[in-house]
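Structural overview
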Amino acid sequence: MNLILFGPPGAGKGTQAKRLVEDRRMVQLSTGDMLRAAIASGSELGKRVAGIMERGELVSDAIVIELIESRLPEAEAAGGAIFDGFPRTLAQAEALDIMLKGRGKQIDLVVRLKVEDEVLLERIAGRFAESGRPDDNPESFKVRLAAYNDQTKPLLPYYENQGKLVNVDGMGSIDAVAQAIDEALQACQTA
């Protein structure tokens with residue numbers, strides 16, 4: 001089972017991904033985590049990524065896809081992947097489909113966590129007060145939210161047309177959101 005979790009910052013993707021990793025033994029493929037790990041490893045790819053990021057440039061789709069592809073065997077051995085932070089663009093979604101098809105796999109389900117912007121702002125403000133993460137300050141968050149909305153908008157019809165998109169109300173409790181995701185996964189597996 002290969003799953004994409006969509007949702008703006010603060011929607012609860014990380015919380016739900018951790019739960020799926022624990023409950024279902026899936027592998028979470030978070031591009032942010034993978035970029036940081038590649039740099040820390042000192043590998044050739046990590047050195048390329050570090051140089052790009054040090055120059056303040058965006059890491060190319062090709063490099064992000066290379067990182068994802070390097071982790072697919074691990075995900076396949078575990079029975080599936082949770083894609084978190086990827087794909088972000090239509091080109092990345094198409095590349096992911098091609099990459100998975102070449103391995104006899106596919107994206108089985110796309111879960112979009114829907115949370116009202118005002119609630120997201122409250123969550124992020126709380127997280128900022130607790131952790132002090134610079135990207136969680138309210139002004140940075142507004143930029144991140146706008147970027148998320150702009151980038152993911154074209155992806156929603158792409159996956160909806162494939163019959164893979166399920167919207168989950170991310171406004172509920174962690175347990176309620178988890179139950180809705182589990183129901184969507186169950187429906188996908190029995191379809």
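Counting of residues starts from 1 at the beginning of each chain's written sequence and follows it residue by residue. With pLDDT at 70 or above as the cut-off, local features in this predicted model cover only qualifying residues; side-chain atom pairs require 80 or more to be listed or tallied, and sums for whole chains, interfaces and linings still use all residues. By convention in this description, side-chain values take in all heavy atoms of the structure and omit both hydrogens and water.

**Things to note about the nonpolar core**
Counting 33 residues, the largest nonpolar core has F83, L96 and Y159 as the members making the most contacts within it. Helix and strand labels come from DSSP, where a helix needs a run of H or I of at least four residues and a strand needs a run of E of at least two; each type is numbered from the N terminus. Looking at this core, the elements that each hand over two or more residues are strand 1 (2-6), strand 2 (27-30), helix 2 (31-41), helix 3 (44-54), helix 4 (61-78), strand 3 (81-84), helix 5 (90-102) and helix 8 (155-161). Whether two residues are in contact is decided by their heavy atoms: any pair within 4.5 Å suffices. Ignoring any residue separated from it by four or fewer positions in sequence, one finds F83 in contact with N2, L3, I4, L5, L29, I68, L72, L96 and I107. Formed by 20 residues, the second largest nonpolar core is a distinct cluster that contains L20, L120, I181 and L185. Nonpolar cores were defined as sets of buried Ala, Val, Leu, Ile, Met, Phe, Trp, Tyr and Cys residues, with membership established by side-chain atoms within 4.5 Å. Only protein chains enter the calculation, and the probe is 1.4 Å; a residue is then buried if its accessible area is under 20% of its type maximum, exposed if over 50%, and partly exposed in between.

**Focus: the confidence of the model for the chain**
Along the chain, pLDDT gives the predictor's confidence residue by residue, from 0 to 100. Across the chain, the average pLDDT comes to 88, with 97% of residues at 70 or higher. Element-level mean pLDDT values for the chain span from 79 in helix 7 (residues 138-152) up to 96 in strand 5 (residues 165-169).

**Quick word on the sheet that holds strand 5**
Strand pairing requires that DSSP identify at least two bridges connecting the strands. Across the sheet, five strands lie side by side as 2-3-1-4-5; this open sheet has parallel pairing. Of all strands in the sheet, those bounded by a partner on one side alone are strand 2 and strand 5. The mean angle between the axes of side-by-side strands here comes to 25 degrees, regardless of whether they run parallel or antiparallel. Inspection of the sheet shows strand 1 paired to strand 4 (residues 109-114) by four bridges, in the parallel sense. When the bridges of strand 4 are listed, L3 appears paired with L109. Under this scheme, a helix contributes an axis fitted over its contacting stretch, all axes are lines through C-alpha atoms, and angles between N-to-C directions fall in the 0 to 180 degree range. Where helix 2 meets the sheet, it contacts strand 2 and strand 3, and its direction lies at approximately 80 degrees from that of strand 2.

**Remarks on the environment of E57**
If you trace the backbone, E57 turns up in the loop between helix 3 and helix 4. In this structure the C-alpha to C-alpha distance between E57 and E116, which are 59 residues apart in sequence, comes to 31 Å.

**A closer look at helix 1 (residues 13-24)**
Multiply 1.5 Å by the residue count of a helix minus one, and that product is the helix's expected span. For helix 1, built from twelve residues, the straight-helix expectation of 16 Å at 1.5 Å per residue is met to within 8% by its first-to-last C-alpha distance of 16 Å. Every buried residue of helix 1 is accounted for by K13, Q16, A17, R19 and L20. Looking straight down helix 1, one finds that the buried residues subtend no more than 160 degrees of arc, so they occupy a single side. Seen from the buried face of helix 1, the exposed residues on the opposite side, beyond 90 degrees, are K18 and E22. Check the buried side of helix 1 and you find it contacts strand 1, strand 2, strand 3, strand 4 and helix 9 (174-190). Among the residues trailing helix 1, R25 stands out with phi positive, at a value near 60 degrees. Working note: the arc is built from the helix axis to C-beta atom directions.

**Describing the packing of aromatic side chains**
Aromatic rings from Phe, Tyr and Trp, with only the six-membered ring used for Trp, were paired whenever their centres fell within 6.5 Å, and each pair was classed as stacked if the ring planes differed by under 30 degrees, edge-to-face if by over 60, and tilted otherwise. As enumerated under the stated definition, the model contains two aromatic pairs in all. Summarising the aromatic geometry, the rings of F6 and Y159 are spaced 6.2 Å apart at their centres and angled 55 degrees between planes, so their arrangement reads as tilted. Pair noted here: F6 is in strand 1 and Y159 is in helix 8, with a separation of 153 residues, a long-range link. The two residues F6 and Y159 agree in class, both being buried. With a centroid separation of 5.0 Å and 80 degrees between ring planes, the pair formed by Y158 and Y159 is classed as edge-to-face. Judged by its relative accessible area of 19%, Y158 falls in the buried class.

**What about the pairing of strand 3?**
Of the two faces of strand 3, the one carrying A81 and F83 and the one carrying I82 and D84 are both buried. Looking at chain direction, strand 1 and strand 3 are connected through four bridges and run parallel. Bridge assignment links L3 to a residue of strand 3, and that residue is I82. Looking at chain direction, strand 2 and strand 3 are connected through four bridges and run parallel. Each bridged residue has a counterpart across the sheet, and for V27 the counterpart in strand 3 is A81.

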